[in-house]
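Residue-level structural notes
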Amino acid sequence: MKSFKRHLTALAVSAALMPTAAVQAGEVEVLHWWTAGGEARAAAALKKMMEEQGHTWKDFAVAGGGGEAAMTVLKTRAVSGNPPAAAQIKGLDIREWAELGFLTSLDSVADAENWDQLIPPMISDVMKYEGEYVAVPVNVHRVNWLWVNPEVMKDVGVEVPTTLDEFFDVADKLKAEGYIPLAHGGQPWQDATVFDAVALAELGPDDYRKAFVDHDMDVINSAKMEDVFAQFAKVMSYVDDDAAGRDWNTATGMVIRGEAAMQIMGDWAKGEFTAAGLTPGEDYVCAPAPGTTGQFTFNVDSFAMFTLSEEEDIKAQKDLARTILEPEFQTLFNQNKGSIPVRTDMDMSDFDTCAQASMNTFKSSADDGGLVPSFSHGLATTSYIQGQIFDVVTNFVNSNNPDPAKTTDQLAAAIQSAM
Ligand code: GAL
């Protein structure tokens with residue numbers, strides 16, 4: 001009935017307004033978790049571009065940073081036979097959804113628009129199942145960033161730290177002056193995001209890859225990993241006592257207001273600074289997370305496309321896929337989101353200095369081996385293994401007596417159990 005009515009409406013509209021009789025307008029229901037300030041502005045850009053093409057945007061936003069809640073809701077909807085047209089699904093999970101038979105091929109759009117030429121193969125491979133595109137990448141986020149309030153640093157007379165030792169030194173001085181050194185929210189994915197940055201700093205990119213991509217037990221269950229946990233515990237000791245359950249954007253707000261000096265977070269945090277009208281280099285500073293200069297933990301947002309039945313909705317879905325990789329959208333969306341375009345041929349002159357630095361490091365790290373997929377944001381491993389690591393990391397953070405050696409054993413056992 002619904003589709004009959006919609007069909008009639010579409011026919012009436014096309015008869016009245018359009019010279020061609022083609023049925024064009026459809027509906028796209030899009031699942032995402034972009035509800036914070038900068039995120040919402042970025043999502044609004046996509047909605048607007050779809051509406052300009054005559055389609056109806058049905059927003060399926062499930063709040064919750066990192067997307068865990070959104071994925072749970074998506075599974076329920078898919079199992080009940082009613083998935084949305086598009087859903088933010090990342091990394092190896094794309095293949096899993098495709099394997100279960102939920103996703104549709106986008107190759108007609110990909111071929112016409114030359115996606116293989118536009119997207120680095122390292123990313124397009126993740127978007128494909130059995131050689132066909134089933135998802136479209138939106139952006140590249142860098143996870144290993146440090147966000148800094150320069151006024152606070154000036155007040156205390158300290159510089160932005162570039163190593164973990166410098167970070168500890170600076171954090172002690174900030175604490176002595178009554179500032180919260182590190183803004184943080186006590187949620188598993190945020191704990192894992194900081195752990196991700198500390199692991200890269202301590203292990204370096206090769207061992208990071210061995211641990212979180214290859215799950216090589218020689219690295220996972222090693223003295224090096226104990227050092228990672230020890231350093232991580234030290235970093236976390238500079239978080240205030242009220243962090244439990246705090247959202248990541250609330251933590252960013254603490255840096256913006258100068259209550260806290262720094263935050264270790266991916267560059268969706270920049271979306272918050274941008275939405276507040278702030279300028280990088282003046283009002284805030286973006287720097288590599290301590291100990292990770294020149295290295296890049298990447299996180300690619302992407303929309304996987306579900307199999308639909310209505311012709312006009314399929315048309316809308318394809319238009320969505322095409323729009324996402326158009327230069328106009330890539331610029332507008334990423335300026336708001338804090339990420340960089342997934343197309344490497346884009347002119348970056350309209351982007352701020354953090355985005356330009358990100359693109360430069362993305363390219364240089366791809367050449368020198370410093371580019372690694374972020375485990376905490378679903379690019380390195382399956383969501384099962386990721387979930388196991390989150391549990392171990394969060395229990396460690398919340399323990400009264402954190403024990404790096406014991407936790408390293410637990411990490412090894414947890415990863416092994418999910419492999
Ligand atoms: C990441 C996602 C980003 C951002 C962030 C916080 O996993 O890739 O786009 O939304 O979570 O919600």
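Here, every reference points to the structure presented above.
Figured I'd write up the structure that's included with this text. Everything quoted here is computed from the prediction, not taken from an experiment. (Residues numbered from 1 in each chain as written. Predicted model: local features only at pLDDT ≥ 70, side-chain atom pairs only at ≥ 80, totals over all residues. Heavy atoms only, no water.)

Brief notes about the overall build of the chain
For clarity, the threshold we go by: Working definition: helices are DSSP H or I runs of at least four residues, strands are E runs of at least two. Numbering for both runs from the N terminus. Taken over C-alpha atoms, the radius of gyration is set against a globule rule of 2.2 Å times the number of residues to the power 0.38. Partly exposed residues are those whose accessible area sits between 20% and 50% of the maximum for their type, while under 20% is buried and over 50% is exposed, using a 1.4 Å probe and protein chains only. When checking whether two residues touch, look at their non-hydrogen atoms; a contact exists if any pair is within 4.5 Å. Per-residue accessibility takes into account occlusion by the displayed protein chains alone, with areas from the Shrake-Rupley method and a 1.4 Å probe. As used throughout, the charge tally considers Lys and Arg to be positive and Asp and Glu to be negative, leaving His and the chain termini uncounted. The atoms used to mark charge sites are NZ of Lys, CZ of Arg, CG of Asp and CD of Glu.
A tally of regular secondary structure across the chain gives 19 helices and 15 strands. Taking 419 residues into account, the globule formula puts the C-alpha radius of gyration at 22 Å, and the chain, at 22 Å, falls close to it. Reported as C-alpha extents along the three principal axes, the dimensions of the chain are approximately 70 × 45 × 40 Å. When each of the 419 residues of the chain is scored for burial, the buried share is 54%. For the chain, restricting intrachain contacts to residue pairs at least 6 apart in sequence, the fraction spanning at least 24 positions comes to 75%. Just so you have it, the chain exposes about 17000 Å², and 50% of that area is on carbon and sulfur atoms. Side chains of the chain carry 30 positive and 61 negative charges; the gap between the two charge centres is 5 Å.

What about the environment of Arg246?
Rule in force here: Each polar contact in these results corresponds to two N or O atoms within 3.5 Å; when the atoms are within protein, one needs to be able to donate a hydrogen and the other to accept it, and residues that are neighboring in sequence are counted only if both atoms are side-chain atoms.
By the element assignment, Arg246 lies in the loop between helix H12 (223-236) and helix H13 (248-256). In the structure, Arg246 is positioned 173 residues away from Met419 in sequence and 31 Å away in space, judged by C-alpha atoms. Other than its neighbours up to four places away in sequence, Arg246 contacts His184, Gly185, Gly186, Gln187, Gln190, Asp240, Ala251 and Met254. A distance of 2.7 Å separates a polar atom in the side chain of Arg246 from a polar atom in the side chain of Asp240.

A look at a negative patch on the surface
The cut-off we apply is this: Think of a patch as exposed residues, more than 30% relative accessible area, with no salt bridge, where like charges cluster within 9 Å and nonpolar side chains (Val, Leu, Ile, Met, Phe, Trp, Tyr) cluster within 5 Å. Salt bridge, as applied in this entry: a Lys or Arg side-chain nitrogen positioned within 4 Å of an Asp or Glu carboxyl oxygen.
On the surface, a cluster of negative charge is made up of Asp165, Glu166, Glu202, Glu226, Asp227, Asp403 and Asp409. Mapped onto the negative patch, the elements with two or more residues apiece are helix H9 (164-176) and H12. Tracing the sequence through the fold places Asp165 in helix H9.

A word on the sheet that holds strand E14 (residues 340-341)
Basically, it comes down to this: Pairing between strands is defined by DSSP: at least two bridges between them are needed. Think of each axis as a best-fit line through the C-alpha atoms, taken over the contacting stretch in the case of a helix, with angles from 0 to 180 degrees between the N-to-C directions.
Taken together, four strands build an open sheet; the order of strands is E14-E7-E12-E15 and the sheet is mixed. Looking at strand neighbours, the two that pair on one side only are E14 and strand E15 (371-373), the edges of this open sheet. Sheet topology places strand E7 (residues 139-142) next to strand E12 (residues 296-299); two bridges connect them, and they run antiparallel. Across the sheet, His141 pairs through a bridge with Asn299, a residue of E12. Docked against the sheet, helix H16 (residues 327-337) engages E7 and E14, running at close to 20° with respect to E7.

Quick word on the sheet that holds strand E2 (residues 56-61)
Overall, mixed pairing links the five strands, which are arranged E2-E1-E3-E13-E6 in an open sheet. Strands with a single pairing partner mark the edges of an open sheet, and in this sheet they are E2 and strand E6 (135-137). Here the strands of the sheet are splayed against their neighbours by 20° on average, with no regard to which way each runs. Strand direction decides the pairing type here: strand E3 (residues 86-88) and strand E13 (residues 302-305), joined by three bridges, are antiparallel. Counted as the bridge partner of Gln88 is Phe303 from E13. Most of the contacts of helix H3 (residues 68-79) go to strand E1 (residues 27-32), to which it runs at about 135°, and overall it touches E1, E2 and E3. Where helix H15 (residues 311-324) meets the sheet, its contacts fall on E1, E2, E3, E6 and E13, and the angle it forms with E1 comes to roughly 55°.

A closer look at the layout of surface pockets
Rolled over the atoms, a probe with the dimensions of a water molecule shows which regions are left empty. Convention followed: Method remark: on a 1 Å grid restricted to protein atoms, a set of points is classed as a cavity if a 1.4 Å probe fits but cannot get out and as a pocket if it is open with protein on both sides within 12 Å along at least five of seven lines; lining residues have an atom within 4 Å of a point. Grid points are joined across faces, edges and corners, and a volume is the space filled by probe spheres set on the points. Gly counts as polar in this scheme, as do all residues outside two lists: the nonpolar Ala, Val, Leu, Ile, Met, Phe, Trp, Tyr, Cys and Pro, and the charged Asp, Glu, Lys and Arg. Each domain span listed reflects an automatic or database assignment of domains.
Approximately 660 Å³ is the volume found for the largest pocket. Residue assignment for the lining of the largest pocket shows that the elements contributing at least two residues are H3, helix H4 (92-99), helix H10 (188-212) and helix H18 (383-398). A breakdown of the residues in the lining of the largest pocket according to their chemical character gives 13 nonpolar, 13 polar and six charged. Residue assignment places the lining of the largest pocket across two domains, with domain 1 (2-141 + 299-366) and domain 2 (142-297 + 368-418) each supplying three or more.

Observations concerning empty space enclosed by the protein
This model, assessed by the stated rule, comprises one cavity of 30 Å³ or more. Taken as a whole, the largest cavity encloses approximately 90 Å³ of empty space. Trp33, Glu39, Gly66, Trp268 and His377 are the residues nearest the centre of the largest cavity, which is lined by 14 residues in total. For the lining of the largest cavity, the class distribution of residues is five nonpolar, five polar and four charged. Shared between two domains, the lining of the largest cavity holds at least three residues of each, these being domain 1 (2-141 + 299-366) and domain 2 (142-297 + 368-418).

Focus: the side chain of Arg142
As for its position among the elements, Arg142 is in strand E7. We note that Arg142 is buried and unpaired, the nearest opposite charge coming from Asp267 at a distance of 6.7 Å. Within the structure, the side chain of Arg142 is placed 3.2 Å from the side chain of Asn144, a separation counted as a polar contact. Beyond its immediate sequence surroundings of up to four residues, Arg142 is in contact with Gly266, Asp267, Pro288, Thr292, Gly294, Gln295, Phe296, Thr297, Ser358 and Thr361.

Some words on the site of the ligand
For clarity, the cut-off: Consider each residue's heavy atoms; a residue with any of them within 4 Å of a molecule or strand counts as near. Think of it this way: if more than half of a molecule's atoms are within 2 Å of a pocket's grid points, that molecule is in the pocket or cavity.
If you check the shell around the ligand, you find 14 residues, and the closest are Glu39, Lys90, Asp301, Lys337 and His377. In the model, an oxygen atom of the ligand is placed 3.2 Å from a nitrogen or oxygen of the Gly66 main chain. In the model, an oxygen atom of the ligand is placed 2.6 Å from a nitrogen or oxygen of the Lys337 side chain. Protein chains shield 100% of the accessible area of the ligand, which is 300 Å² for the free molecule. Here the ligand occupies the largest cavity. Considered class by class, the residues forming the shell around the ligand number five nonpolar, five polar and four charged.

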